[in-house]
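# Fold and contact review
So you can see what is in the structure, the chains are spelled out below.
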Amino acid sequence: MKIGTELPTLSILSALNYPDYIKWGNPYFNENNASIQLVLNGHHFLQWLHPQLIAGFISFFVDNLI
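To start, this report covers the structure provided alongside it.

## A few points about the side chain of Thr-9
Considering the arrangement of structural elements, one finds Thr-9 in strand 1 (residues 9-14). Only 3.2 Å separates the side chain of Thr-9 from the side chain of Ser-35, close enough to count as a polar contact.

## Thoughts on the packing of aromatic side chains
Each aromatic ring pair is summarised here by two numbers: the centre-to-centre distance and the angle between the ring planes. For the structure shown, the criterion picks out 1 aromatic pair. Both rings, one in Phe-45 and one in Trp-48, keep their centres 4.6 Å apart while their planes meet at 10 degrees; by these two values the pair is stacked. For Trp-48, a relative accessible area of 62% corresponds to the exposed category.

## Looking at the environment of Ile-54
In this fold, Ile-54 is placed in helix 4 (residues 51-63). Setting aside chain neighbours within four positions, we find Ile-54 in contact with Ile-12, Leu-40, Leu-46 and Gln-47.

Analysis parameters
- Residues numbered from 1 in each chain as written.
- Predicted model: local features only at pLDDT ≥ 70, side-chain atom pairs only at ≥ 80, totals over all residues.
- Heavy atoms only, no water.
- Helix = DSSP H or I, 4+ residues; strand = E, 2+ residues; numbered from the N terminus.
- Polar contact = N/O pair within 3.5 Å; in protein donor to acceptor, adjacent residues only side chain to side chain.
- Phe/Tyr/Trp six-rings, centres within 6.5 Å; stacked < 30°, edge-to-face > 60°.
- Buried < 20%, exposed > 50% of the residue type's maximum accessible area, 1.4 Å probe, protein only.
- Contact = heavy atoms within 4.5 Å.

What follows is the structure in structure tokens.
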């Protein structure tokens, strides 16, 4: 089964891993026109470093799906 390229996705990425993600990441997410990549400073546990910012972006993303 193949996922359609119109499916919106939100990827929350660390700035330290972003170059590797672009180079070796999942092509579906990298090439999907409906994809949004949120790149934040930090490495692991971004949700602990930026909880309000991430929650706000997730809410905005979900609210704008329709």
